[in-house]
Amino acid sequence: MQNVLLVLITTTAAFTPSKPSQYAWPSTTYGVWFDPLIEFGYSVPQQHDKPLLLYLPPLEGNCLAAFAQFPKLGADYEILALSPRAGDVNAASDWSGSVEAIAAFVERESRTRDVYVCGESYGGCQALAVGIAAKPKGVVAVNPATSFCRSDLPEIAERMKTMSNIEFALTSLSLLATRVGDPTQTRTILSTLWDNPMKDPKRCPPKLADYFEAVLPPFVEGFNAPRPFFEARLKALGIGAAELEKTLASLDAPLLVVAGDVDRLVGSAEEAPRIASVVRDAKVHVVRGAGHSGTLDQRCDLREVMADWRAGFS
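Just so we're clear, the structure is a prediction, and the values are computed from it rather than from any experiment. (Residues numbered from 1 in each chain as written. Predicted model: local features only at pLDDT ≥ 70, side-chain atom pairs only at ≥ 80, totals over all residues. Heavy atoms only, no water.)

Colleague: Can you help me understand helix 4 (residues 95-109) in this one?
Modeller: Three- or four-residue spacings in an α-helix give side chains the same orientation, since the helix completes a turn every 3.6 residues. In a regular helix each residue adds 1.5 Å, so 15 residues correspond to 21 Å; helix 4 covers 21 Å between its end C-alpha atoms and thus fits that length. Looking at the buried side of helix 4, the elements it contacts are strand 1 (32-34), strand 2 (52-56), strand 3 (78-83), strand 4 (115-120), helix 5 (122-134) and helix 10 (227-247). Here helix 4 starts with a cap whose side-chain oxygen sits 2.9 Å from the backbone nitrogen of Gly-97, and that cap is Asp-94. (Helix = DSSP H or I, 4+ residues; strand = E, 2+ residues; numbered from the N terminus. Expected span 1.5 Å × (residues − 1). Contact = heavy atoms within 4.5 Å. Polar contact = N/O pair within 3.5 Å; in protein donor to acceptor, adjacent residues only side chain to side chain.)

Colleague: Whenever I open this one, the confidence of the model for the protein confuses me. Can you help?
Modeller: As a general rule, the predicted coordinates of low-pLDDT regions are not to be interpreted in detail. Model confidence for the protein is summarised by a mean pLDDT of 90, while 92% of its residues fall at 70 or above. When the criterion is pLDDT under 50, residues 1-12 qualifies, and its contacts beyond four places in sequence or with other chains add up to 18 contacts. (pLDDT = per-residue confidence, 0-100.)

Colleague: Just to check I follow, could you spell out the sheet that holds strand 1 for this structure?
Modeller: Hydrogen bonding along the main chain pairs the strands of a sheet, whether they run parallel or antiparallel. Taking strand neighbours across the sheet as the criterion, the seven strands line up as 1-3-2-4-5-6-7 in an open arrangement whose pairing is mixed. Of all the strands in the sheet, just strand 1 and strand 7 (282-287) have a single pairing partner and so form its edges. On average, each strand axis in the sheet is inclined to that of its neighbour by 20 degrees, with strand direction left out of account. Against the sheet, helix 4 engages strand 1, strand 2, strand 3 and strand 4, with an angle of about 170 degrees to strand 2. (Pairing = 2+ DSSP bridges. Axes fitted to C-alpha atoms, helices over the stretch in contact; angles between N-to-C directions.)

Colleague: Just checking my understanding: could you explain the packing of helix 5 against helix 10 for this structure?
Modeller: A pair of packed helices is captured by two measures, namely the crossing angle of their axes and the spacing between those axes. Between helix 5 and helix 10, whose axes approach to 10 Å, the crossing angle comes to 45 degrees. Here helix 5 is positioned oblique relative to helix 10, judged by the angle of their axes. In the packing of helix 5 onto helix 10, the handedness of the crossing is left-handed. Residues Tyr-122, Cys-125, Leu-128, Ala-129 and Ile-132 of helix 5 pack against Arg-233, Ala-236, Leu-237, Leu-244 and Thr-247 of helix 10. Counted by class, the contact of helix 5 with helix 10 contains eight nonpolar, one polar and one charged residues. (Parallel < 35°, antiparallel > 145°, perpendicular 65-115°, else oblique. Left-handed = near helix turned anticlockwise from the far one by under 90°. Nonpolar A, V, L, I, M, F, W, Y, C, P; charged D, E, K, R; others polar.)

What follows is the structure in C-alpha cells.
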C-alpha cells in the first residue's frame, strides 16, 4: 500500500495511448480517443453493428478509471475512452469547447449507429452537457459532479490555488483518503496484497488477468494529474456545473444515473434522485456501500445495468 501511495504522489506523466483510435480528432486539443481493450490486449468479437460507447473520465483525467467494466462492456459496445491529458493543457479549462467537440463527434457517429455517452464525476457532467447538445441514444452519468457549486468544493479549490506544491499534493491526498474511496474498496485493495485473485485462474481467467496486469500501472498513474491540468479542469467543472443548473431539464436523451450511496465527495445519494426529478426520462441505479471512486468496481456490472436500462426504451 505504501508503494501505491508513493506512486500516487510522485508520478506526473500522463498516460498516452499507443494506439489512438481511427476516430481520433484531427487535433489533440481536447485529448485523444482510444479503444482501451485494443490498447491493453483484451480481444473481443468484432461486430460492425455494435453501438458506440464513449467514456469520459473524472476530474483528474484518469481515462482508465472504469477499466474493470471495459471487458464486459466490450461484448455489447465498441468502446472509445477519452484521454484528455494527451491533449493541450491550455485547453483543459475550456468547458464549452470540449463539450462542442465531443457533441460534434457524437453527431457524426450517430449517422450510422447508436451512440451512448458515459462519464464519471466531471465526466458525468460532460456527458450530461453532451447529451443536451447532441442527443445521443442515451447518457450514463456515474456520480456526476452536478452538485459542485452547491458543495464546499469551490471553496476548497479556491484555497488550493495559493498552496505550495507539497501542500497541494497533501490536500489532494487527504481528499482522496477521506472523501473519494469507501471502506469496502479499501479492504479490497488491502486484501489483494496477500491474496491476489489475478494469480488464481479459477477466480480470474488468464485472458482477464493479463488485461488487468497490463492496465493496472497506468490506472494507478492516472490518479495523479499534473497540477496545471488539475486546476484547469477544476475551473471548467465550476463553469459546467453552473450551466447544468440552468439547462439540465432540457436533456431529452434517456438518462441512467449510477450512484454510490456513500459518496462523500459530491453527495450522489441525494444528487441522483434530484437529477431524476428534473430530467424527463431518467433512471437511477444505486450501488450499495460504494463511494465516489468505487461505484464501478466489482460491486457493479455496468453491462447488465445498462442492458436493463436500454430494454426500457430500445
